[in-house]
Amino acid sequence: MKLKLSLAARRSLEGFGFIMPWLIGFFVFMAFPLAYSLYMSFTEVQVTATSINFTYVGWANYVHAFLGDNVFPIELMAFIQESLISVPIIVIFSLLVGLLINEDVWGRSIFRAIFFLPVIFSTSQVITTLFDLGAGGGSFIQRFNVFNMLINALPESLNSPVSVVLSRFTLVLWSSGVQILLILAALKTISNTVYEAAAIDGAGRWEAFWKITLPALRPFIVLTTVYTIVELSVSPFNRMLTVINNNMFSVRTGMGYAAALGWIYFALILVALVVVYTVGMRKVYRY
Amino acid sequence: MNTRPGVSKSADALWQWLRPKWLWLRSILMGRGMRSGLVAKAIVLILLIDVALIYVHPILYMLSTMMMSTLDLVDPTIRWIPTELYWDNLVKAFEGLEYWRGLGQTVFVALIATAAQTLSCAVAGYGFARYNFPGKNLLFMLVFLTFIVPPQTIVIPLYLLYREFGWLNTYFPLIVPEMLGLGLKGSLFIIIYRQFFLGQPQSLEEAARLDGANSLTIFARIMLPLAKPAVLVVSLFSFVWHWNDYYLPSMFISHQDKWSLVRRLQGLQQTLDEIYDVNPYGLSTMTEPVRMAGAFLVIAPILILYFIAQRWFTESIERTGLVE
């Protein structure tokens, strides 16, 4: 008994050994910077040639962000509105594409190769270059000017975020590379025998999709949504990133204020993720 | 023989003859049960082609524009195919990027960072998957936390930290975190490895342990070689993402001669902007082919790699159990 216990203790020590490098890295490159930036967000930072001075200012930075700043709240609202439109587009689009490539169609491997291209491009500055120069067109949407029709049909308040998202519609679709992969891998987890059984019971493809595929995919759709939110929040096209960067090196506001903005931004994303996760993963009682 | 009233015998016979053929044709066209018919297949194919165009279009546009001379560009009758292959844009971009130097640096950093991350994340993922120790769940929560922290939130302290270490304008900030299983999307890779190792049978390790192997040997000689699909997926993702990585490197490396290709592309654009913005009539279309050529040069190596590795890549993703 005693030997067994010490063996278990040794195992857990070994396990700890495997985690150790990561844990050290976590403290140095993540926990410490996080704590430091939290501290900075409550101070005013003055950088001189030789030293950095912190003056404690309490919640002033946070208060200023919402009440004093005339850029941040507007940009934040625009970011939220755009995300609320882009995230569903990306998730639904990757779901559709995943389902389509999973079909047994002619030229499947060619399509796969093409649909994974975003995995390469989406994190890249190259794609921004292409789109800045107007290479984005070519889909039927642009050709038939669906944009203007849609925008005109919408109420005033939704106009601007929708038109921003639509003007970058193809760009939005370009950020769905990994998501398509996730959906495709998820579809592989559904056993074929389930479909066969359903076919014997007389279900068509339509019923099978709603009753089998979609419920089985639900956790993965939540996962895809989470991934999409994380990706969007760190993407190079992100307007919040620009705002924070501008404040960082601005003489007027400085690093303390930028840190506060970073934390507001992080808190917001965290809340969004928690909401998506709890809503998406809650138990659904069927029957 | 049951004849329907009002229908002549010959019409009925015709119907009898036609019916199975009609049913057969219908099942081919519309599908039956779970099998999809030709019509459904055609619709899927058309949809796929249209979506594929969204992705292929910018790349074709890039390829065609970079080959155009100024004359071709302003000629409205020329849309896709330039009158002649005009290599000057590529040459200009090549020089503007200092291509060989940039390529060397990008490959160097991306290769080291990828190797480091592929190994270090495997070690951590293995620990999380196969061992029990106090606080494991909490620590794994921290892995998730690391995944969702926006880099903007921690970039200032990191900058100060690296300045303290004397790491600014070196490649250490891009490599050392990777060695410890952090860095660019490190947590995602740990999660992928953990999922993979969780799916392996426990008996493998037990057998090796009975044969007297210690934990490190088991990991290095048995589990890591088993994890080939995961290694392939992680290393490819890691390489591509490091190749494209822009934000953090641009914060920590300001010396131009140490810039990666992506950063150089940005620099090239700024230079072009400066040259042509001075002139109020300087149309941006004039510089467009050079920019396109630059973009092509930056992405070409990775595109080539992708088309070579694509087959294994998609297979591996299915075998990693990326999402289970």
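Here the structure is shown first, and the text comes after it.
Residues numbered from 1 in each chain as written. Chains lettered and ligands numbered in written order. Predicted model: local features only at pLDDT ≥ 70, side-chain atom pairs only at ≥ 80, totals over all residues.

## With respect to the overall build of chain A
The test is simple: Only DSSP runs of H or I covering at least 4 residues are called helices, and only runs of E covering at least 2 are called strands; the numbering of each starts at the N terminus. Counting other C-beta atoms within 10 Å of a residue's C-beta gives its exposure: the residue is buried at 20 or more, exposed at 12 or fewer, and partly exposed in between, where C-beta atoms are placed from the backbone. Once C-beta atoms have been placed from the backbone, residue pairs whose C-beta atoms lie within 7 Å are recorded as contacts.
Counting secondary structure elements, chain A contains 15 helices and two strands. In chain A, which comprises 287 residues, the share counted as buried stands at 36%. Counting only contacts in chain A whose residues sit at least 6 apart along the sequence, the fraction spanning at least 24 positions is 74%.

## Remarks on the overall build of chain B
Looking only at helices and strands, one finds 15 helices and two strands in chain B. Out of the 324 residues in chain B, the part that is buried amounts to 37%. Sequence separation of 24 or more characterises 76% of the internal contacts of chain B that already satisfy a separation of 6 or more.

## Quick word on the interface of chain B and chain A
To keep things clear, this is the line we draw: Amino acid classes used here: Ala, Val, Leu, Ile, Met, Phe, Trp, Tyr, Cys and Pro are nonpolar; Asp, Glu, Lys and Arg are charged; the rest, including Gly, are polar.
Each partner contributes to the interface: chain B provides 74 residues, whereas chain A provides 80 residues. Listed by contribution, the elements that provide at least two residues to the side of chain B that touches chain A are α2 (38-66), α5 (99-130), α6 (136-148), α7 (151-165), α12 (228-244), α14 (261-277) and α15 (284-320) of chain B. Broken down by element, the side of chain B that touches chain A gets its largest block of residues, 16 residues, from α2 of chain B. Split by residue class, the side of chain B that touches chain A holds 52 nonpolar, 16 polar and six charged.

## Quick look at unusual backbone geometry
All names here are of chain B. At E98, a residue that is not glycine, the phi angle is positive and equals roughly 50°. Looking at the element boundaries, E98 is found in the loop between α4 (88-97) and α5. By C-beta crowding, E98 is classed as partly exposed, having 18 other C-beta atoms within 10 Å.

## A closer look at the packing of α5 of chain B against α12 of chain B
Residue and element names in this part refer to chain B. What counts, and what does not: Every axis corresponds to a line fitted to the C-alpha atoms, with the helix fit spanning only the stretch in contact, and the corresponding angles, defined between N-to-C directions, vary from 0 to 180 degrees. Take the far helix as the reference: if the near one is turned anticlockwise from it by less than a right angle, the crossing is left-handed, and if turned clockwise, right-handed.
One can describe the packing of α5 onto α12 by two numbers: an axis separation of 9 Å at closest approach and a directional angle of 145°. The crossing of α5 and α12 is right-handed. Contacts between α5 and α12 involve T106, V109, A110, A113, T114, Q117, T118, C121 and A122 on the former and, on the latter, V231, V234, S235, S238, F239, H242 and W243. When the residues that make up the contact of α5 with α12 are grouped by side-chain class, the tally is nine nonpolar, seven polar and no charged.

## What to know about α4 of chain B
Residue and element names in this part refer to chain B. The condition is simple: Directions are taken from the helix axis to each C-beta atom, and the arc is the one they span.
Listed as buried for α4 are N89, L90, A93, G96 and L97. The buried residues of α4 all sit within an arc of 130° when viewed along its axis, so they share a single face. Exposed residues on α4 whose side chains face more than 90 degrees from its buried face are V91 and E95. E98 sits one or two residues past α4 and shows a positive phi near 50°.

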